[in-house]
Amino acid sequence: MAEFKVHRVRFFDYMPTAIRAMAFNHRTERLAVARADGALEIFNFADNYFQEKVIPGQDGRAAEALCWLGQRLFSAGLNGEITEYDLENLRPRYTVEAYGGPIWSISSNSQGTLLAVGCEDGTVKIFEILEERIQFQRNLDRQKGRIISLCWHPSGTLIAAGMMDMIKIFDAESGRATHRLLVERGVGASKSREVVVWSIVFLSDHTIISGDSAGKVQVWDGLTGTLVRTHLVTKWDVLALSSSQDESSVVAGTSEGTVVQFQFLSSNVGPQDKEWVRTRTFKNHSHDVRALAHTDTAVVSGGMDTQLVVRPLLDKVEKNTQESAMRKIAFPHRSLVCCAKKAGLLLFQFPDHLELWRLGESNGHGSPGDSLPVKRKPEKLIQLKRKGEDHISCSAVSPCGGWLAYSTVSSFRLYRLQNNTISVTKVSRLPKDLRSAQQLCFSSDSTKLFASSCRSSVLVVDLNQSDCKYLHTLRPKSGSSQPVHLLCVSEDGKWLATANTDCLIHVFNLDKLKLHCTVPVYSSCPTAIAIHPTNSNLVVVHADQQIFEYSLVQKEYTEWSRKLQKRGLHPLWMERDTPITHIAFNPKNPAHIILHDTFMFCIIDQNLPLPEAKTPLYNQMTLRSLPESERIMHSHAFKICKHFQHLLCVRLLEDHSLVVVERPLLDIQSQLPAPVRQKKFAT
């Protein structure tokens, strides 16, 4: 493994926000997650849980509830608006004012024709789903208290609504309330304290299951309006409920950080008599569980501790397999750090501002593992606040450190930087086509800016001393409407590669300004792409951890790539649960490919043999203990370093030193608010 001087960076104060809501689309296997800052994330559960899309937030627009309708996604929030999202251009498509005050819940009927929202003023408002928009249809009978939770009956004729101290069942046709179910305050509770029905599930056999602020999960008969069973699961709040598609299982999330599963099982009396039985309790969160989704094989939970937890149900998956392993998704599957490798600068992206830092310098040299004395400390040069309400969607700094660009969904900004005098000058005259971008990238000589736009197109902008000029728009022939999520340019400035969420990779010739080729489509989404500086080979890593190398000159997979696919990657490599987010190359050794995920960085030496399935993959400690003559016999291509943890960025500078940006999970957890309730031993 090569030796590097490492800049170990821990001053990027990345802080994810709490998960407020989630919705799972069983047809497409996509999970939508809403964050407290208004950002929306789409995870593809069919593709190794890859976070394929992120829609940036906006000040004052936090979603309280989410709902899928086919492939359309809707949200509702306490600002009183319903929003439909444009999942191709990664922005809100439109918003509709409900005129009922803050909206607490949103739910669609199983037919996909109507949308119901529960409002602060006590109304349940029904909206009709049209091809391009939604249209208000009618109000159900107005109630005295706010509507906190909603759920349609699968038949589409009834709606159950959770309120303060009660549940109402409405006839969706007439709008009248047919039943009123009174919710008890609980043993020893104050009479003046109201019980909030936070969540509700309406099953096809007319069973209603509710979760409330008194810590109860209650089972009701929706036909007679009577209480069937009460399960006291916590002394605090039950905040979320979710049921499986076959309605045999329901999970409840509590403010203690636990998730409790209930199953519809046969009783001891007879096989025909079934009842809801508490079966499992999971403790994977330190704070409130605010949102839940029940897939066919797992329970997905999220809340105040910001982590998305996928907990497989062992009666639904094969034990001791990759499918049965629990996953915690704590970091984004995209880079929020950009490195100016010639200038030694780092750009950190936050939702509301950017920070530009100059790396420190050290004295002398040392042996491997030594900490070198710092000659010059890292320095924050610039903090740049964004304009407007929209959060920053992408940003980049040029390799020379002379240009900085960022975009929101509604605007684009380009700045000229003078690092000697630390001055920032806004470029006021921008090309009219450059209104916003989904990804940004500078050429290695800092003379061109590439900005991905709608329908997988890329704008090429020429940069001179203090101005910029539109050159060309690169468009793929495929006509894919999906957004570009990866963008990279070759070192010599000849090639530009793009990857979109349709798994399409296009390569453009920048000398001719036209499409050169399309890489053969692979079923898994690319998570990182890079072009080799000397042989112009494109290296691609996918969400399922597969690695490919494609020759742009020959327009075919390389011999090394074919050998890798024929041999197969090591099982331990395939079992990793975080995606590779960046690829780089070592100029000192062209055979070295450097890549990293959240928990390791790896150097692949293409000159060494590939590891066999039975050989140890993590063999660096073993090799160190062997004499020099024996190391070659035991060496293989994959050199993995796990010394650095929770990696947000690994980059190679021009002076061949390595920049490693870490964000320890403990640092994030220490900045979280105190939990509402922490279970302690013997209490």
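As annotated in an unreviewed UniProt entry, the protein chain carries the name Anaphase-promoting complex subunit 4-like WD40 domain-containing protein and is attributed to Champsocephalus esox.

K.L.:
Describe in detail the packing of aromatic side chains, supporting the description with residues and values.
P.N.:
Any two aromatic rings considered together are summarised by their centre-to-centre distance and by the angle between their planes. On inspection of all chains with the given rule, the structure shows 16 aromatic pairs. For the pair Phe-12 and Phe-348, a centre-to-centre distance of 4.5 Å together with 10° between the ring planes defines the contact as stacked. Taken together, the positions of Phe-12 in the loop between β1 (6-9) and β2 (19-25) and Phe-348 in strand β31 (residues 345-349) put the pair 336 residues apart, joining distant regions of the chain. Residue Phe-12 shares its accessibility class with Phe-348, and that shared class is buried.

K.L.:
Describe in detail the sheet that holds strand β43 (residues 468-474), supporting the description with residues and values.
P.N.:
In a beta sheet, neighbouring strands are held together by backbone hydrogen bonds and run either parallel or antiparallel to one another. Within the open sheet, the four strands sit side by side as β40-β41-β42-β43. Their pairing is antiparallel. The open sheet terminates on both sides in strands that have one partner only, identified here as β40 (439-442) and β43. Taken over all neighbouring pairs, the strand axes of this sheet differ in orientation by 20° on average, direction set aside. Direction of pairing for strand β42 (residues 458-463) relative to β43: antiparallel, over a ladder of six bridges. Pairing of Val-461 across the sheet is with Tyr-470, part of β43.

K.L.:
Go over the UniProt feature "domain: Anaphase-promoting complex subunit 4-like WD40" (unreviewed entry) in the protein chain with me, naming the residues and quoting the values.
P.N.:
In the numbering used here, UniProt assigns the feature "domain: Anaphase-promoting complex subunit 4-like WD40" (unreviewed entry) to residues 139-185. Secondary structure over residues 139-185 splits into 0% helix and 47% strand, and the C-alpha atoms at its two ends are 29 Å apart.

K.L.:
Talk me through helix α1 (residues 559-567); I want residue IDs and the actual numbers.
P.N.:
Where α1 is concerned, the buried positions are Trp-560, Ser-561 and Leu-564. End-on, the buried residues of α1 take up no more than an arc of 100°, which puts them together on one face. Away from its buried face, by an angle of more than 90 degrees, α1 presents the exposed residues Glu-559 and Lys-566. Taken together, the buried residues of α1 touch β50 (547-551), β51 (556-557) and β54 (601-605). Trailing α1 by a residue or two, Gly-568 shows a phi angle of about 90°, which is positive.

K.L.:
An account of the pattern of salt bridges is needed here, citing residue identities and associated values.
P.N.:
Side chains that carry opposite charge are capable of pairing whenever their charged atoms lie near each other. Tallied over the full model, the rule gives 21 salt bridges. Glu-64 is paired through a salt bridge with Arg-20; the nearest N and O atoms lie 2.7 Å apart. One end of the pair, Glu-64, is in strand β6 (residues 63-69); the other, Arg-20, is in strand β2, and 44 residues separate them in sequence. When sorted by exposure, Glu-64 lands in the same class as Arg-20, which is buried. Of the charged contacts in the structure, one is a salt bridge between Arg-280 and Asp-315, with a shortest N-O distance of 3.5 Å. Linking Arg-280 in strand β25 (residues 274-283) with Asp-315 in the loop between β28 (308-312) and β29 (327-329), this pair joins segments that are 35 residues apart in sequence. With relative accessibility at 24%, the residue Arg-280 sits in the partly exposed group. Connected through shared salt-bridge partners, Arg-72, Glu-84, Asp-86 and Arg-93 make up one network.

K.L.:
Describe the environment of Phe-508, naming the residues involved and giving the relevant values.
P.N.:
Turning to its location among the elements, Phe-508 is positioned in strand β46 (residues 505-509). Discounting residues that sit within four places of it in the chain, Phe-508 has contacts with Leu-474, Arg-475, Pro-476, Lys-494, Trp-495, Leu-496, Thr-498, Lys-514, Leu-515 and His-516.

K.L.:
Run through the environment of Phe-11, naming residues and quoting values.
P.N.:
Its place among the elements puts Phe-11 in the loop between β1 and β2. Distance in space between the C-alpha atoms of Phe-11 and Glu-662 is 8.4 Å, their sequence separation being 651 residues. Discounting chain neighbours no more than four positions away, the residues touching Phe-11 are Phe-348, Trp-357 and Pro-378.

K.L.:
Report on the state of the cysteines, specifying residues and quantitative values.
P.N.:
For the structure shown, the criterion picks out zero disulfides. Between Cys-394, a free cysteine, and Cys-338, which holds the nearest cysteine sulfur, the sulfur-to-sulfur gap is 11 Å. A relative accessible area of 4% means that Cys-394 is categorised as buried. With no disulfide of its own, Cys-641 has Cys-602 as its nearest cysteine by sulfur position, at a separation of 10 Å.

K.L.:
Would you mind going over the nonpolar core in detail, with residue names and values included?
P.N.:
Core analysis: the biggest nonpolar cluster contains 32 residues, and Leu-356, Phe-412, Leu-414, Leu-440, Phe-442, Leu-449 and Leu-463 have the highest contact counts within it. Not counting residues up to four positions away in its chain, the partners in contact with Phe-412 are Ala-405, Tyr-406, Ser-407, Leu-430, Leu-434, Arg-435, Ser-436, Ala-437, Leu-440 and Leu-449. Counting 22 residues, the second-largest nonpolar core is a separate cluster that includes Ala-530, Leu-569, Leu-595 and Cys-602.

K.L.:
Got a sec to walk through the pairing of strand β12 (residues 124-129)? Specific residues and values, please.
P.N.:
Of all six residues in β12, five are buried; the element is thus mostly enclosed. Of the strand pairs in this sheet, strand β11 (residues 114-119) and β12 are connected by five bridges, and their pairing is antiparallel. Residue pairing across strands places Gly-118 opposite Val-124, the latter belonging to β12. Where β11 folds back on β12, the antiparallel hairpin that results is connected by four residues, among which Gly-122 adopts a positive phi of roughly 90°. As paired strands, β12 and strand β13 (residues 134-139) are joined by five bridges and run antiparallel to one another. Of the residues in β13, the one forming a bridge with Phe-127 is Phe-136. The turn joining β12 and β13, which pair antiparallel and follow one another in sequence, is formed by four residues.

Basis of the calculations
Residues numbered from 1 in each chain as written. Predicted model: local features only at pLDDT ≥ 70, side-chain atom pairs only at ≥ 80, totals over all residues. Heavy atoms only, no water. Phe/Tyr/Trp six-rings, centres within 6.5 Å; stacked < 30°, edge-to-face > 60°. Helix = DSSP H or I, 4+ residues; strand = E, 2+ residues; numbered from the N terminus. Buried < 20%, exposed > 50% of the residue type's maximum accessible area, 1.4 Å probe, protein only. Pairing = 2+ DSSP bridges. Axes fitted to C-alpha atoms, helices over the stretch in contact; angles between N-to-C directions. UniProt positions renumbered as here; feature names shortened; annotations may be inferred. Arc of directions from axis to C-beta. Contact = heavy atoms within 4.5 Å. Salt bridge = Lys/Arg side-chain N within 4 Å of Asp/Glu carboxyl O. Disulfide = S-S within 2.5 Å. Core = buried A, V, L, I, M, F, W, Y, C linked by side-chain atoms within 4.5 Å.

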